[in-house]
Amino acid sequence: MEKREVSSGITALDKVLNGIRFSDNVVWQVEKLDDYRYFVEPFVKSTVSSGIKCIYMRFASHPPILSPGQGVTVLEVKPGEGFDSFSRQVHNIVEREGKRICYVFDNLSSLVEEWATDELLANFFRITCPFLYDQQTVAYFSLIRGKHSHSAVAKIRDTTQILIDVFHANEDTYIQPLKVCDRY
């Protein structure tokens, strides 16, 4: 029987989300990239140790989310060539790599630096998320909270299966699932 779920690498998070399923796109709304990295690293460790192929889509000018040597294939994609070219590059990779693998994307907020508009960022997500869903992958994305228009975030929220807000109060880190599709 084929496995339907993958682990986030954090047992308590898996319980809160009632598992991460193949076809889930997981968007982390964070204050800083270290918050995203905190959740990406155990996810990658867990998927790689389970024998699931993991691909890191590298496209941003920020420091890498993942270090080399973590069992991940790093593929560079160039957003500077424009929305259409970038979207085509990503879709070609996903189609070539096939089903039931995991992806970690650089911070989506960095795409606005290249394209100068939240609308293109939201449109990229709206065409890519369903394609990843159909390929039965699990994909991790991040957005920097407060950097995007409400309409862009709403479009991403409406499209994704899981949206998690990560925030800090005093010296504690909290997560709040804002959307977890098809589960309680």
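Above this text you will find the structure in question.
(A) Here's a closer look at the packing of aromatic side chains. Under the defined criterion, the tally for this structure stands at 13 aromatic pairs. Centroid distance Phe167 to Tyr174: 5.6 Å. Interplanar angle 20 degrees. Geometry classified as stacked. You can call Tyr174 partly exposed: its relative accessible area is 37%. Here a set of aromatic residues connected by ring pairs shows up, and it is made of Trp28, Tyr38, Phe39, Phe43 and Tyr140.

(B) Structural view of helix α2 (residues 33-49). Here α2 is 17 residues long and its end C-alpha atoms lie 24 Å apart, about the 24 Å a rise of 1.5 Å per residue gives. When α2 is considered as a whole, its buried residues turn out to be Leu33, Asp35, Tyr36, Arg37, Phe39, Val40, Pro42, Phe43, Val44, Ser46 and Thr47.

(C) Seen up close, the pairing of strand β8 (residues 162-169). Across four bridges, strand β3 (residues 25-30) lies against β8 in parallel orientation. Paired with Val27 across the bridge in β8 is Leu163. Here β8 pairs with strand β9 (residues 172-180) via eight bridges, running antiparallel. The residue bridging His168 from the neighbouring strand is Thr173, located in β9. Joining the antiparallel neighbours β8 and β9 is a turn of two residues, in which Asn170 adopts a positive phi near 55 degrees.

(D) Summary view of the pattern of salt bridges. Summed over the entire model, instances satisfying the criterion amount to ten salt bridges. Glu31 is the salt-bridge partner of Arg145, the closest N and O atoms lying 3.5 Å from each other. Within this pair, whereas Arg145 is found in the loop between β7 (138-144) and α6 (150-159), its partner Glu31 is found in the loop between β3 and α2, the two being separated by 114 residues in sequence. By relative accessible area, Arg145 is classed as partly exposed at 29%. On the basis of relative accessibility, which here comes to 37%, the residue Glu31 falls in the partly exposed class. When the shortest N-O distance is used, the salt bridge between Lys32 and Asp35 registers 4.0 Å.

(E) Fine view of the packing of helix α5 (residues 118-134) against α6. Direction vectors running N to C along α5 and α6 enclose 5 degrees, while the axes themselves pass 9 Å from each other. On the basis of their axis angle, the class for α5 and α6 is roughly parallel. Each of Asp118, Glu119, Leu121, Ala122, Phe125, Arg126, Cys129 and Pro130 in α5 lies in contact with α6, whose residues at this interface are Ala152, Lys155, Ile156 and Thr159. Here the residues of the contact of α5 with α6 sort into seven nonpolar, one polar and four charged.

(F) The arrangement of the side chain of Arg58 in detail. Tracing the chain through its elements places Arg58 in strand β4 (residues 54-58). A polar contact is formed between the side chain of Arg58 and the backbone oxygen of His62, at a distance of 2.7 Å. Other than its neighbours up to four places away in sequence, Arg58 contacts Pro63, Pro64, Val74, Leu75, Glu76, Val77 and Asp106.

(G) Up close: the sheet that holds β9. Strand order in the open sheet formed by seven strands is β5-β4-β6-β7-β3-β8-β9, with mixed pairing between adjacent strands. Since the sheet does not close on itself, it has two edges, and those belong to β5 (73-76) and β9, each with one partner. Looking at each pair of strands side by side, their axes are set apart by 20 degrees on average, direction ignored. As defined by bridge partners, β3 adjoins β7 across six bridges and the pair is classed as parallel.

Criteria and thresholds
- Residues numbered from 1 in each chain as written.
- Predicted model: local features only at pLDDT ≥ 70, side-chain atom pairs only at ≥ 80, totals over all residues.
- Heavy atoms only, no water.
- Phe/Tyr/Trp six-rings, centres within 6.5 Å; stacked < 30°, edge-to-face > 60°.
- Buried < 20%, exposed > 50% of the residue type's maximum accessible area, 1.4 Å probe, protein only.
- Helix = DSSP H or I, 4+ residues; strand = E, 2+ residues; numbered from the N terminus.
- Expected span 1.5 Å × (residues − 1).
- Pairing = 2+ DSSP bridges.
- Salt bridge = Lys/Arg side-chain N within 4 Å of Asp/Glu carboxyl O.
- Axes fitted to C-alpha atoms, helices over the stretch in contact; angles between N-to-C directions.
- Parallel < 35°, antiparallel > 145°, perpendicular 65-115°, else oblique.
- Contact = heavy atoms within 4.5 Å.
- Nonpolar A, V, L, I, M, F, W, Y, C, P; charged D, E, K, R; others polar.
- Polar contact = N/O pair within 3.5 Å; in protein donor to acceptor, adjacent residues only side chain to side chain.

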